[in-house]
Amino acid sequence: MRTTRTAAALLAASALVVVAGCSSSGGKDANEKPSDGGGGEAAGTARMKIAMVTHSGEGDTFWDIVQSGAEVAARKDNVRFLYAADPEAKEQAQLVQTYIDQKVDGIVVTLAKPEAMRDVVKKAVAAGIPVVTINSGAEFSKDLGALSHIGQDESVAGEAVGEELNKRGRKKALCVIHEQGNVSLEARCAGVKKTFKGSVENLNVKGTDMPSSTSSIEAKLQSAKDIDAVVTLGAPFAAASVKAKAGAGSSAEVNTFDLNADVVKQIKAGEIAFAVDQQPYLQGYLAIDELWLNKTNLNVIGGGKPILTGPALVTEKDVEALERLTADGTR
């Protein structure tokens, strides 16, 4: 993989190797998922309770990987880990409020729709509960009082995709946005448009309805035969685009942000050309570790600056090394 920016988060990588050996499921029906440890001796520090609240929609495998990283770090750090999610910003904010009321020791939160999350995140900080933001909304994190933000620079990631499309000789790209109003997804498409020498058209689909998303992509490919590249912004939508491409009789190259076992298989089969990996396992792992380190040793990883976990470009050359890791749910 060609990593376009070094992750400052790697100062915690040695702990990751020792514990893990080697990295959007939530939704309205998601229940809290406590992880009480096990599988090795936990830290001798006082027991903590840390909650994570994300904007995940039901069935988004990306967040399963984030949770895997968080759960491993929680076991190591003697932390009780709680997880809840909702794709609707108002409900996500209410979940954060619930954890404030429970007086947890730390909160990890995503800022896909930062304006809706602003007041409740500030409320958590004012209540003395340290907050770490992950994945989305990096530019808003510091103003809300978070310790730091962990994730990739979405604009830089999009620019890397645009540059790769240039190398591949593409001329017209379709950027599929599966959640309208998500600032990180919009930044990805804007980044592609910034560096890509061809044209980019955005397509909004209903990400919580995969058959509808597939139909929308297929209809677009049928009506615009000159589209020669499809860029999806989440791993599940790459598979939908492969299916849509076949239905439309299109020859467009399919590429995607994010990685999972299915994407690796499709890269191996030549159905997807490349994927941009933001290492979600690290996002979950480092968020828990940072809150634990801050509580026990007053550390702030990265000195309060964004901690980059990507982007890393994954192609067919990387498949063999990644197959086992994606199957294990750590990449």
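For the structure itself, look to the data block above.
Residues numbered from 1 in each chain as written. Predicted model: local features only at pLDDT ≥ 70, side-chain atom pairs only at ≥ 80, totals over all residues. Heavy atoms only, no water.

J.: Give me the lowdown on the overall build of the protein chain, citing residues and values where you can.
T.: When its secondary structure is counted, the protein chain shows 12 helices and 13 strands. Counting across all 331 residues of the protein chain, residues that qualify as buried make up 55%. Carbon and sulfur atoms make up 49% of the accessible area of the protein chain, which amounts to about 13,400 Å² in all. (Helix = DSSP H or I, 4+ residues; strand = E, 2+ residues; numbered from the N terminus. Buried < 20%, exposed > 50% of the residue type's maximum accessible area, 1.4 Å probe, protein only. Areas by Shrake-Rupley, 256 points an atom, 1.4 Å probe, with all protein chains shown as cover.)

J.: Explain the packing of helix α10 (residues 261–268) against helix α12 (residues 319–327) to me, using residue names and the numbers behind them.
T.: Put simply, α10 and α12 touch, their axes get as near as 9 Å, and they point 155° apart. In terms of orientation, α10 lies roughly antiparallel with respect to α12. Helix-helix and strand crossings are classified by hand; for α10 and α12 the assignment is left-handed. Between α10 and α12, the contacting residues are Ala-261, Val-264, Ile-267 and Lys-268 on the first element and Val-319, Leu-322, Glu-323, Thr-326 and Ala-327 on the second. When grouped by side-chain class, the residues that make up the contact of α10 with α12 number 6 nonpolar, 1 polar and 2 charged. (Axes fitted to C-alpha atoms, helices over the stretch in contact; angles between N-to-C directions. Parallel < 35°, antiparallel > 145°, perpendicular 65-115°, else oblique. Left-handed = near helix turned anticlockwise from the far one by under 90°. Contact = heavy atoms within 4.5 Å. Nonpolar A, V, L, I, M, F, W, Y, C, P; charged D, E, K, R; others polar.)

J.: Break down the pattern of salt bridges for me, with residues and values.
T.: This structure, assessed with the given rule, holds 14 salt bridges. For Asp-289, the salt bridge is made with Lys-76, and the minimal N-O distance between the two is 2.9 Å. Of this pair, Asp-289 sits in helix α11 (residues 280–297) while Lys-76 sits in helix α2 (residues 61–77), placing them 213 residues apart in sequence. Taken as a pair, Asp-289 and Lys-76 share a single burial class, namely buried. Between Arg-118 and Glu-115 there is a salt bridge, with the nearest N and O atoms lying 2.9 Å from each other. Of this pair, Arg-118 and Glu-115 both sit in helix α4 (residues 114–126), 3 residues apart, roughly one helical turn. When its relative accessible area of 57% is taken as the criterion, Glu-115 is described as exposed. Beyond isolated ion pairs, a larger network of salt bridges with shared partners links Lys-76, Asp-77 and Asp-289. (Salt bridge = Lys/Arg side-chain N within 4 Å of Asp/Glu carboxyl O.)

J.: Outline the state of the cysteines, listing residues and values.
T.: Covalently bonding the sulfur atom of one cysteine to the sulfur atom of another cysteine gives a disulfide. Inspection of the entire model under this criterion finds 1 disulfide. Disulfide partner of Cys-175: Cys-189, at an S-S distance of 2.1 Å. Disulfide Cys-175-Cys-189: torsion about the S-S bond near -85°, hence left-handed. Highlighted residues: Cys-175 in strand β7 (residues 172–177) and Cys-189 in helix α7 (residues 183–195), separated in sequence by 14 residues. (Disulfide = S-S within 2.5 Å.)

J.: Describe the packing of helix α3 (residues 89–101) against α4, with residues and values.
T.: Two numbers describe how α3 lies on α4: the axes approach to 9 Å, and their chain directions differ by 5°. In this view, α3 runs roughly parallel relative to α4, as classed from their interaxial angle. Contact with α3, carried on its side by Ala-89, Gln-92, Ala-93, Val-96, Gln-97 and Ile-100, involves Ala-116, Met-117, Val-120, Lys-123 and Ala-124 of α4 and no other residues of that element. Grouping the amino acids of the contact of α3 with α4 by side-chain chemistry returns 8 nonpolar, 2 polar and 1 charged.

J.: A description of the sheet that holds strand β3 (residues 79–85) should follow, citing residues and the corresponding values.
T.: The pairing of strands in a sheet happens through backbone hydrogen bonds and is either parallel or antiparallel. Spatially, the 6 strands line up as an open sheet ordered β3-β2-β4-β5-β6-β12, and their pairing is parallel. Sheet topology places β3 and β12 (307–308) at the edges, where each strand pairs with a single neighbour. By the bridge criterion, 7 bridges tie strand β2 (residues 48–54) to β3 in an arrangement that is parallel. Following the sheet pairing, Val-53 is matched in β3 by Ala-84. Packed onto the sheet, α3 meets β2, β3 and β4 (106–110) and runs at close to 170° relative to β2. (Pairing = 2+ DSSP bridges.)

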